[in-house]
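Spelled out, the chains give:
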Amino acid sequence: MTETKSSPLSVALIVLAVVLSGIIHIAMLSAQRESIQAALAAADATTMVEAMKARETMLIAQANQGGLDGDVRAGALGEAAVLRQGKLSAQPGAPRAPGIDAIATRIAGLRAQASSAAERSGQLGLGESLLLLGILLLALSQIMAARLFLWLGGALGLGGVAVAVLGVLA
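Not measured: the values here are computed from a predicted model.

Draft legend 1. Spatial organisation of the packing of helix α1 (residues 8-63) against helix α4 (residues 147-169). Where α1 contacts α4, the axes come no closer than 11 Å and their chain directions differ by 25 degrees. With respect to each other, α1 and α4 are oriented roughly parallel. When the axes of α1 and α4 are compared, the crossing they make is left-handed. Two secondary-structure elements touch here, α1 through L9, S10, L13, L20 and I24 and α4 through L150, V161 and A164. Looking at the contact of α1 with α4 residue by residue, the classes come out as seven nonpolar, one polar and no charged.

Structural data, given as structure tokens:
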């Protein structure tokens, strides 16, 4: 059996590709975590908004009942308005407690963030897959001493890195 000479270029490319693959994989996991956290925060906020809407509906229905004292009706309508618009803090300069409308806007932003992070994760996953195929071809070039696999592996690896970079930048 004859031994083939190991190509230093191929070995260097394999090592570089493995390191890049690890970096891309960590970035993909980070994007997935960000997507899940944003989706969970949106779900929690949606639950809170639905509870606030139910309370608001109940207060409006209570205020519309005949035979109630005017102060009770006004208090119920006032509380319903606070639920919708939010309320000022008792301390000057403190942030306003958000109402239904503000939280609904926040939910839309969280859902957009979750969607963007999931898309970024998919791009990074595609880039990692291309890079892993490139590593496989580079290893084949070592085994078979074929330059064709070296060039194909290098091209796939570069393509994978480009896809991953575009996924992060987009």
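Draft legend 2. Examining the nonpolar core more closely. Counting residues in each nonpolar core, the largest one holds 13 residues, and the members touching the most others are V49, M52, L59, L83, I100, I103 and I107. At the level of elements, α1, α2 (70-85) and α3 (100-144) are the ones that each hand at least two residues to this core. Broken down by element, this core gets its largest block of residues, six residues, from α1. Among residues more than four places away in sequence, those in contact with L59 are A76, E79, A80 and L83.

Draft legend 3. Layout of a nonpolar patch on the surface. A surface patch of nonpolar side chains, about 330 Å² in accessible area, is lined by V11, V15, V19 and I23. The residue V19 is located in helix α1 in this model. According to the relative accessible area criterion, V19 is partly exposed, its value standing at 47%.

Draft legend 4. Looking closely at the environment of M48. With respect to the element layout, M48 can be found in helix α1. Taking the relative accessible area as the measure of exposure, M48 reaches 42% and is therefore partly exposed. Measuring from C-alpha to C-alpha, the distance between M48 and I103 comes to 8.7 Å, with 55 residues separating the pair along the chain.

Rules of the game
Residues numbered from 1 in each chain as written. Predicted model: local features only at pLDDT ≥ 70, side-chain atom pairs only at ≥ 80, totals over all residues. Heavy atoms only, no water. Axes fitted to C-alpha atoms, helices over the stretch in contact; angles between N-to-C directions. Helix = DSSP H or I, 4+ residues; strand = E, 2+ residues; numbered from the N terminus. Parallel < 35°, antiparallel > 145°, perpendicular 65-115°, else oblique. Left-handed = near helix turned anticlockwise from the far one by under 90°. Contact = heavy atoms within 4.5 Å. Nonpolar A, V, L, I, M, F, W, Y, C, P; charged D, E, K, R; others polar. Core = buried A, V, L, I, M, F, W, Y, C linked by side-chain atoms within 4.5 Å. Buried < 20%, exposed > 50% of the residue type's maximum accessible area, 1.4 Å probe, protein only. Patch = residues over 30% accessible without salt bridge, like charges linked within 9 Å, V, L, I, M, F, W, Y side chains within 5 Å. Areas by Shrake-Rupley, 256 points an atom, 1.4 Å probe, with all protein chains shown as cover. Salt bridge = Lys/Arg side-chain N within 4 Å of Asp/Glu carboxyl O.

In short, geometric facts, not functional conclusions.
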